[in-house]
Amino acid sequence: MTSPLRLGIAGLGTVGVGVVRIVQKNAELLAARAGRPIEIVAVSARARDKDRGVDLSAYAWEDDPVTLARRDDIDVFIEVMGGHEGPAKDATEAAIASGKDVVSANKALLAIHGQALAEAAEDKGAVIRFEAAVAGGIPVVKALTEGLAANEITRVMGVMNGSCNYILTRMENAGLTYQQVFDEANALGYLEADPELDVGGIDAGHKLALLSAIAFGTQVDFGAVELEGIGSVTIEDIRQAADMGFKIKLLGVAQMTGRGLEQRMSPCLVPDTSPLGQLQGGTNMVVIEGDAVTQIVLRGPGAGEGPTASAVMGDVMDIARGLRVSTFGQPARKLRKARAARAAIPAPYYLRMHLIDKPGALAKVAHALGEAGISIDRMRQYDHSATEAPVLIVTHKTTRTALDEAIASFAATGVVAGEPVAIRIEAV
Ligand code: NAP
Ligand code: HSE
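Because the structure is a prediction, the values reported are computed rather than measured.

Counted by the stated rule, this structure contains 23 salt bridges. With its nearest N and O atoms 3.6 Å apart, the salt bridge here joins E119 to R333. Placement of the pair is E119 in helix α5 (residues 107-124) and R333 in the loop between α12 (305-321) and β13 (349-356), with a sequence separation of 214 residues. Among the ionic pairs, K142 bridges to D318, the shortest N-O distance being 2.6 Å. Of this pair, K142 sits in helix α6 (residues 140-147) while D318 sits in helix α12, placing them 176 residues apart in sequence. A relative accessible area of 29% places K142 in the partly exposed class.

Take a look at the structure:
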């Protein structure tokens with residue numbers, strides 16, 4: 001039999017333990033498919049004595065993940081600790097420096113340091129694979145780098161944070177406020193230790209930046225992702241959007257435009273009949289559009305022990321079989337620095353505001369929109385009170401800049417109460 005592929009696993013939490021379970025449970029199947037055994041040699045975590053529900057007695061223990069990364073008896077370093085600095089970065093760099101291949105689930109590390117790590121890996125003839133870092137169990141990195149490698153990719157978009165999709169769908173289905181569902185999700189342990197990573201769109205932004213680099217052959221640039229979280233989405237907007245045939249999703253969109261690379265992660269309205277509109281709970285969905293393939297939709301679990309470990313092991317299997325693909329689908333030094341598009345391409349917008357109910361109020365708002373060059377597609381009033389009339393407007397395509405200009409000019413009309421809400425409507 002050919003030599004085994006020897007693994008060192010740094011991190012024995014949700015994902016690390018999932019990887020151990022797959023290697024132990026499916027050992028024969030892995031060996032048959034890879035043509036060689038896959039063996040865990042050494043592991044590392046913080047607390048050595050913690051009961052993790054798996055038998056680790058056959059593996060060497062390292063307190064320091066950097067020492068693990070440098071061991072001569074491992075071929076692949078699996079980084080499933082998390083964090084974009086500190087031990088995760090140090091150990092990944094150490095593994096690469098000693099010529100090891102790396103499999104990582106760490107989107108934060110790769111979104112921020114991916115270019116430097118990819119260059120270092122190539123200099124050493126090592127590979128870095130990161131399927132588990134994007135959309136959990138969905139093999140989207142593989143789809144983009146391999147299956148769709150012959151396409152000019154025109155757009156990548158999707159729902160890439162299960163916690164946010166859980167919050168938004170639960171708000172809608174149970175009629176609860178954002179704060180109520182946030183507290184519930186936090187108590188259930190659905191949110192990251194720092195929940196802002198989820199609800200602020202940061203985690204999903206990391207994932208989008210990684211897909212964008214592969215899709216457009218550009219250096220990963222998380223700093224250029226326009227980020228807006230879901231904290232300001234209200235149950236009222238969810239209901240009004242639903243009434244007009246839309247759902248609100250934290251949607252990531254990456255596309256190359258004549259004005260540069262557009263990357264944004266923000267709440268958007270999508271048609272409720274679309275696959276994205278119908279996505280419920282913690283599930284993820286990624287839509288990829290290419291010149292030859294047209295459109296594909298990938299849907300599946302975006303997190304959790306089994307799905308994420310499945311993705312880690314998919315990468316391990318590729319390495320065991322001898323498949324060596326560049327980190328972002330092409331040699332790291334050939335990746336271009338993308339010019340970031342300063343504004344998103346025009347789209348229709350949903351606009352909700354409270355008008356003071358007096359003659360001519362609606363006309364003043366319509367005039368302000370007209371002055372900013374914005375045309376109205378649909379408009380309606382709802383839940384009229386004695387003094388205020390909530391109004392919903394769907395605009396024709398416009399830019400966010402024009403819309404912000406119009407909203408700023410509402411103050412002078414004296415008829416708009418409070419802050420209007422504006423949400424982009426994405427064609428999906
Ligand atoms: P987790 O449950 O919090 O586990 C983290 C593990 O790393 C723990 O075993 C911890 O040790 C260990 N660790 C932390 N700091 C360490 C250090 N300085 N030295 C050695 N070990 C250290 O995290 P997770 O959910 O498995 O996530 C791991 C990675 O996968 C993260 O990058 C995350 O973003 C990514 N990911 C997770 C999911 C998911 O569904 N959970 C999905 C996709 C991607 P102790 O156990 O001893 O504390
Ligand atoms: N916090 C992430 C999510 C975990 O909710 O999707 C998987 O990356």
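Let us now look at a negative patch on the surface. Side chains of D63, D64, E85 and D90 sit close together on the surface and give a patch of like negative charge. With respect to the helices and strands, the residue E85 is situated in the loop between β4 (76-79) and α4 (87-97). What makes E85 partly exposed here is its relative accessible area of 41%.

This brings us to the site of ligand 1. Near ligand 1, the surroundings consist of 23 residues, among which L12, V15, A47, R52 and G304 are the closest. Here an oxygen atom of ligand 1 sits 2.7 Å away from a polar atom, N or O, in the main chain of A47.

Next up on the list: the site of ligand 2. Taken together, K107, N161, G162, S163, E192, D198, D203, K207, G302 and A303 form the complete shell of residues around ligand 2. Between an oxygen atom of ligand 2 and a side-chain N or O atom of K107, the distance comes to 2.5 Å. For ligand 2, an oxygen atom lies 2.8 Å from a polar atom in the side chain of K207. When ligand 2 sits alone it has 260 Å² of accessible area, and the protein chains cover 87% of it. Broken down by secondary-structure element, the contributors of at least two residues to the shell around ligand 2 are α7 (162-174) and α10 (202-216).

The next point concerns the packing of α4 against α5. Look at α4 against α5: their axes get within 9 Å of each other, and the N-to-C directions meet at 15°. Considered as vectors, α4 and α5 are oriented roughly parallel to each other. Two packed elements cross with a definite hand, and for α4 against α5 that hand is right-handed. For the pair α4 and α5, contact is made by A88, K89, T92, E93, I96 and A97 and by L109, H113, L117, A120, A121 and K124, respectively. Each residue belonging to the contact of α4 with α5 can be placed in one class, and the counts come to seven nonpolar, two polar and three charged.

This brings us to the packing of aromatic side chains. Inspection of every chain in the model, using the stated rule, returns three aromatic pairs. Arranged with centres 5.5 Å apart and planes meeting at 50°, the rings of F130 and F328 form a pair that is tilted. Of the two residues, F130 sits in the loop between β6 (128-129) and α6 while F328 sits in the loop between α12 and β13, which places them 198 residues apart along the sequence. The class for F130 is buried, based on a relative accessible area of 0%. The interplanar angle of 35° and the centroid separation of 6.0 Å between the aromatic rings of Y178 and F182 together place this pair among those described as tilted. Note that Y178 and F182 are positioned in helix α8 (residues 178-187) at a spacing of four residues, about one turn of the helix. Comparing Y178 with F182 shows no difference in burial state: the two are buried.

A word on the environment of Q179. Secondary-structure assignment places Q179 in helix α8. The class of Q179 is partly exposed, set by a relative accessible area of 45%. As a C-alpha pair, Q179 and V20 span 159 residues in sequence and 37 Å in three-dimensional space.

In this section: unusual backbone geometry. Positioned with a positive phi, A135 is a non-glycine residue whose angle comes to about 60°. Along the chain, the position of A135 falls in the loop between β6 and α6. Here A135 falls in the buried class, since its relative accessible area comes to 0%.

As summarised here, the arrangement of the six strands in space is β3-β2-β1-β4-β5-β6, forming an open sheet in which the pairing is parallel. For this open sheet the edge positions go to β3 (60-62) and β6, each flanked by a neighbour on one side alone. Examined bridge by bridge, β4 and strand β5 (residues 101-104) share four bridges and lie parallel to one another. Pairing of E79 across the sheet is with S104, part of β5. Along the sheet, α4 contacts β4, β5 and β6; its crossing angle with β4, the most-contacted strand, is approximately 170°.

Attention now moves to the pairing of strand β15 (residues 388-395). Residues in a regular strand point their side chains to alternate faces of the sheet. With seven of eight residues buried, β15 lies mostly within the body of the structure. The pairing of β13 with β15 spans seven bridges and is classified as antiparallel. Within β15, the residue paired with M353 across the bridge is V391. Pairing geometry for strand β14 (residues 376-381) and β15, over five bridges, is antiparallel. The residue of β15 that forms the bridge with R378 is V394.

When its domains are assigned, the chain resolves into domain 1 (5-133), domain 2 (146-301) and domain 3 (349-425). Distance between the C-alpha centres of domain 1 and domain 2: 28 Å. Residue-level contacts link nine residues of domain 1 with nine residues of domain 2. Both faces combined, the contact of domain 1 with domain 2 buries some 800 Å², and carbon together with sulfur accounts for 68% of it. Of all residues in domain 1, the largest losses of buried area upon contact with domain 2 belong to K107, A111 and Q115, amounting jointly to 57% of the total for that side. Inspection of the domain 1/domain 2 interface yields one salt bridge.

Conventions we followed
Residues numbered from 1 in each chain as written. Chains lettered and ligands numbered in written order. Predicted model: local features only at pLDDT ≥ 70, side-chain atom pairs only at ≥ 80, totals over all residues. Heavy atoms only, no water. Salt bridge = Lys/Arg side-chain N within 4 Å of Asp/Glu carboxyl O. Helix = DSSP H or I, 4+ residues; strand = E, 2+ residues; numbered from the N terminus. Buried < 20%, exposed > 50% of the residue type's maximum accessible area, 1.4 Å probe, protein only. Patch = residues over 30% accessible without salt bridge, like charges linked within 9 Å, V, L, I, M, F, W, Y side chains within 5 Å. Areas by Shrake-Rupley, 256 points an atom, 1.4 Å probe, with all protein chains shown as cover. Lys, Arg positive; Asp, Glu negative; His and termini not counted. Charge placed at Lys NZ, Arg CZ, Asp CG, Glu CD. Near = heavy atom within 4 Å. Polar contact = N/O pair within 3.5 Å; in protein donor to acceptor, adjacent residues only side chain to side chain. Axes fitted to C-alpha atoms, helices over the stretch in contact; angles between N-to-C directions. Parallel < 35°, antiparallel > 145°, perpendicular 65-115°, else oblique. Left-handed = near helix turned anticlockwise from the far one by under 90°. Contact = heavy atoms within 4.5 Å. Nonpolar A, V, L, I, M, F, W, Y, C, P; charged D, E, K, R; others polar. Phe/Tyr/Trp six-rings, centres within 6.5 Å; stacked < 30°, edge-to-face > 60°. Pairing = 2+ DSSP bridges. Domains from an automatic or database assignment. Buried area = accessible area lost by both parts, 1.4 Å probe.

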